[in-house]
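# Coordinate analysis (summary)
Each chain, letter by letter, is given below.
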Amino acid sequence: MSSSCRRRRDPVADIIYRLSPFNRICVILFGAVSIHLTIGTYHTFGNMLPYMASYMRNFTDPTVRIEHMMWIPTFQGCFPFAMVIGGLTSNLFSPRMSAFIGCALVTSSVALSAYAIQHSFALFFIVYGLLFGLGSGIAYVTAVATAINWAPDKIGVISGIVAAGFGLSSSIFAPIQTMIVNPMNLPATKDGSVQIEKKIALKI
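Thresholds, definitions, all that
Residues numbered from 1 in each chain as written. Predicted model: local features only at pLDDT ≥ 70, side-chain atom pairs only at ≥ 80, totals over all residues. Heavy atoms only, no water. UniProt positions renumbered as here; feature names shortened; annotations may be inferred. Helix = DSSP H or I, 4+ residues; strand = E, 2+ residues; numbered from the N terminus. Buried < 20%, exposed > 50% of the residue type's maximum accessible area, 1.4 Å probe, protein only. Contact = heavy atoms within 4.5 Å. Axes fitted to C-alpha atoms, helices over the stretch in contact; angles between N-to-C directions. Parallel < 35°, antiparallel > 145°, perpendicular 65-115°, else oblique. Left-handed = near helix turned anticlockwise from the far one by under 90°. Nonpolar A, V, L, I, M, F, W, Y, C, P; charged D, E, K, R; others polar. Expected span 1.5 Å × (residues − 1). Arc of directions from axis to C-beta. Patch = residues over 30% accessible without salt bridge, like charges linked within 9 Å, V, L, I, M, F, W, Y side chains within 5 Å. Areas by Shrake-Rupley, 256 points an atom, 1.4 Å probe, with all protein chains shown as cover. Salt bridge = Lys/Arg side-chain N within 4 Å of Asp/Glu carboxyl O. pLDDT = per-residue confidence, 0-100.

The name given to the protein in an unreviewed UniProt entry is Major facilitator superfamily (MFS) profile domain-containing protein, with Caenorhabditis japonica as the source organism. Per UniProt, the protein has the following entry under Subcellular location (unreviewed entry): "Membrane".

## Describing the UniProt feature "transmembrane region" (unreviewed entry) in the protein
As annotated in UniProt, the feature "transmembrane region" (unreviewed entry) corresponds to residues 21-45, 65-85, 97-117, 123-148 and 155-176 in the numbering used here. Between the end C-alpha atoms of residues 65-85 the distance is 33 Å, and the span holds 62% helix and 0% strand.

## A look at the side chain of His36
As for its position among the elements, His36 is in helix α3 (residues 21-39). The class for His36 is buried, based on a relative accessible area of 0%. The contacts of His36, once residues within four sequence positions are left out, are Tyr140, Ala143, Val144, Val162, Ala163, Gly165, Phe166 and Ser169.

## Some points on the packing of α3 against helix α8 (residues 121-150)
Where α3 contacts α8, the axes come no closer than 9 Å and their chain directions differ by 165°. Regarding the angle of α3 to α8, the classification is roughly antiparallel. Relative to α8, the crossing made by α3 is left-handed. Residue-level inspection shows Arg24, Ile28, Ala32, Ile35, His36 and Ile39 of α3 in contact with α8, the latter providing Phe132, Ser136, Ala139, Tyr140, Ala143, Val144, Ala147 and Trp150. Of the residues contributing to the contact of α3 with α8, the split by class is eleven nonpolar, two polar and one charged.

## What to know about α3
When the terminal C-alpha atoms of α3 are compared, their 27 Å separation across 19 residues agrees well with the 27 Å that a helix rising 1.5 Å per residue should span. Burial in α3 covers these residues: Arg24, Ile25, Ile28, Leu29, Ala32, Val33, Ile35, His36 and Ile39. All buried residues of α3 project into a common sector of 155° when viewed along the axis, lining one side. Relative to its buried face, α3 has exposed residues pointing more than 90 degrees away, namely Phe22 and Phe30. Structurally, α3 contributes buried residues whose contacts are with α2 (11-17), α7 (95-116), α8 and α9 (155-181).

## So, a nonpolar patch on the surface
A cluster of nonpolar residues, Leu168, Ile172, Ile176, Met179 and Ile180, forms a patch on the protein surface that exposes about 440 Å² of accessible area. Of note, Ile176 is situated in helix α9.

## Topic: the environment of Gly167
Structurally, Gly167 can be placed in helix α9. The spacing of Gly167 and Tyr42 is 125 residues in sequence and 9.6 Å in space, taken between C-alpha atoms.

## With respect to the confidence of the model for the protein
For the protein, mean pLDDT is 85; residues scoring 70 or higher make up 87% of the total. Here helix α1 (residues 3-6) stands out as the element of the protein with the lowest mean pLDDT, 44, in contrast to α7, whose mean of 94 is the highest. A low-confidence stretch, residues 1-6 stays under pLDDT 50, and its non-local contacts, those more than four residues away or across chains, total one contact. Considering only residues more than four positions removed or in separate chains, one finds that residues 197-204, a stretch of pLDDT under 50, has 18 contacts.

Printed below as a string of structure tokens:
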């Protein structure tokens, strides 16, 4: 008996297989694009940068400058290396578990950053920089690989649609971020910071 036959059947995969080919691909694409829309908020860091820097300088550490914050997206950019981990976790566990691990890391990094930004730049750097990049890489490669495996005859179209979700994310979430954090559209100062009121800053 082959190793694939000995594997435990996946009830979720069985349900998807019962769908028509078109509906099957739509379900897979919905999941993969949803993941990429979430981790694609990586591209909104430039929009949030002035608000984060202003908050930290006013309420956490007065020595923090906007140029110090640029190290955060540098370490968020570790996600290409985390893609290797995503491939390993997919093979070791399952694509679903790998995607869950990646999404959990990304979501946790954003949630914990609300605490970290109030205490220290170093902690915020680790949480919103390194942890976010690690989770993004794992989730990114898992979503693309899984979608391709479900439609091996449409690799170009499928991978393009999924990757488009990653790029489209900033167009959706950047205006929402600005509306929540800076609803009065206060301008940035010469040093790139924004003089935001405390009640607005605490929403970051």
